[in-house]
Protein chains: 2
Amino acid sequence: MGIDRLDGRLLELLAEEPRIGVLELSRRLGVARGTAQARLDRLTSGGAIRGFGPQVDPAALGYPVTAFATLEIRQGQGAEVRAHLATVPEVLELHTTTGSGDMLCRLVARSNADLQRVIDRVVGIEGIVRASTAIVMENPVPLRIVPLVRQAAQDSAGQ
Amino acid sequence: MGIDRLDGRLLELLAEEPRIGVLELSRRLGVARGTAQARLDRLTSGGAIRGFGPQVDPAALGYPVTAFATLEIRQGQGAEVRAHLATVPEVLELHTTTGSGDMLCRLVARSNADLQRVIDRVVGIEGIVRASTAIVMENPVPLRIVPLVRQAAQDSAGQ
DNA sequence: TTTCGGCTGGGCAGATTGTTCAGTGGAACA
DNA sequence: TGTTCCACTGAACAATCTGCCCAGCCGAAA
């Protein structure tokens, strides 16, 4: 279930320099190549590492505006709304949350004006009762995982 | 600024099979290796590709519970709160949004009970007036970028 | 004591990388 | 029209890394 210190250091190294290969990884970890290979395989096939997809910056694609929208869904319309939102490219992420039929989605747009178009498209379906949007101004903590990995590796060490 | 069709296809290929190398990439794109190399370099150094960090599943680390917390911040306390939240490993992401001193952060926890501990730690600082938390139940659309890449490549083609 | 799984250290052929080069073709420009 | 610039092609090179194999070591569990 958890990860040990070696796994933790491996993940940290990968997070810092994702392009390094297994050989270099093994050198820095101070273990044999086969070991690094085996650990990496285990983390990957075990689901701890979902993948190494490129982290694309929407701003560089021409979508500098990010927003979060909270949607209130009419009872029983969840499936339709989910399917609808999945077809909107500007919807980067969608979660269903606690609360009466609530969803939270992350949107991007070409401009604040364009955001209106995106929102109109998002709510353009029966089943969404109400939507409230918060535009992102700053991102003081970008999506990160290393601190949590450290924590997890630390905790499992005590066991 | 934008990306052309070749860039778009390159990003799609990378998103589907992140471990393929430049040579294989060039083969699938039907271009010379140098071209694929140059495009990739340009996308990377230009900021369109932030990196290839491993996508770690918090659940595999023992943190299966995800939540979003909306924080209302007292005027002028923003910096302190940001600094505080940055020290909490369970805070995976933090945004400041429109609205009077609002922030939105993504949290993970070991369990629903553990979430209480995390929230207590998050709000354990002067400057947070109010916090409301939504626990994630499902994730119908996991963080994705390919549809947007397609859109962006499509749009730039017309120009 | 025996068995097992994880780790080490080594070797091998084959593939990939980083790098450089000369040549081609189209677009912009005087 | 002629020139220049830039992106792309196709090829070569040494160096490196990968996938795969093996035998041996060691601690933990049975």
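Reading the values: the criteria
Residues numbered from 1 in each chain as written. Chains lettered and ligands numbered in written order. Predicted model: local features only at pLDDT ≥ 70, side-chain atom pairs only at ≥ 80, totals over all residues. Axes fitted to C-alpha atoms, helices over the stretch in contact; angles between N-to-C directions. Helix = DSSP H or I, 4+ residues; strand = E, 2+ residues; numbered from the N terminus. Parallel < 35°, antiparallel > 145°, perpendicular 65-115°, else oblique. Left-handed = near helix turned anticlockwise from the far one by under 90°. Contact = placed C-beta atoms within 7 Å. Nonpolar A, V, L, I, M, F, W, Y, C, P; charged D, E, K, R; others polar. Near = placed C-beta within 6 Å. Pairing = 2+ DSSP bridges.

In the annotation of an unreviewed UniProt entry, chain A is listed under the name DNA-binding transcriptional regulator, Lrp family and assigned to Streptomyces qinglanensis.

Caption draft 1: Structural context of the packing of helix 1 (residues 5-16) of chain B against helix 2 (residues 22-29) of chain B. Residue and element names in this part refer to chain B. Two numbers describe how helix 1 lies on helix 2: the axes approach to 11 Å, and their chain directions differ by 125°. One way to sum up the angle between helix 1 and helix 2 is to call them oblique. Helix 2 is crossed by helix 1, and the crossing has right-handed handedness. Residues Leu6, Arg9, Leu10 and Leu13 of helix 1 form the contact with helix 2, whose participating residues are Leu25, Arg28 and Leu29. Here the residues of the contact of helix 1 with helix 2 are counted per class, giving 5 nonpolar, no polar and 2 charged.

Caption draft 2: Spotlight on the protein's contact with DNA strand C. Neighbouring DNA strand C are A:Val31, A:Ala32, A:Gly34, A:Thr35, A:Ala38, B:Gly21, B:Val22, B:Leu23, B:Glu24, B:Gly34 and B:Gln37. Sorting the residues of the surface near DNA strand C by element identifies helix 3 (33-45) of chain A together with helix 2 and helix 3 (33-45) of chain B as the ones contributing at least two each.

Caption draft 3: Layout of the interface of chain B and chain A. At the interface, 61 residues of chain B touch 61 residues of chain A. Where the side of chain B that touches chain A is concerned, the elements lending two or more residues are helix 1, strand 1 (49-51), strand 2 (55-56), helix 4 (78-86), strand 4 (91-97), strand 5 (102-109), strand 6 (128-141) and helix 6 (146-158) of chain B. Looking at which element gives the most residues to the side of chain B that touches chain A, the answer is strand 6 of chain B, with 8 residues. Here strand 1 (residues 49-51) of chain A pairs with strand 2 of chain B via 2 bridges, running antiparallel. If you follow A:Gly51 over to strand 2 of chain B, its bridge partner there is B:Gln55.

Caption draft 4: Local environment of the sheet that holds strand 5 (residues 102-109) of chain A. Strand order in the closed barrel formed by 8 strands is 3(A)-5(A)-4(A)-6(B)-3(B)-5(B)-4(B)-6(A), and the pairing between neighbours is antiparallel. Here the average twist between neighbouring strands, direction ignored, is 35°. Pairing of strand 4 (residues 91-97) of chain A with strand 5 of chain A involves 6 bridges; the strand directions are antiparallel. Bridge pairing in strand 5 of chain A links A:Leu94 to A:Cys105.

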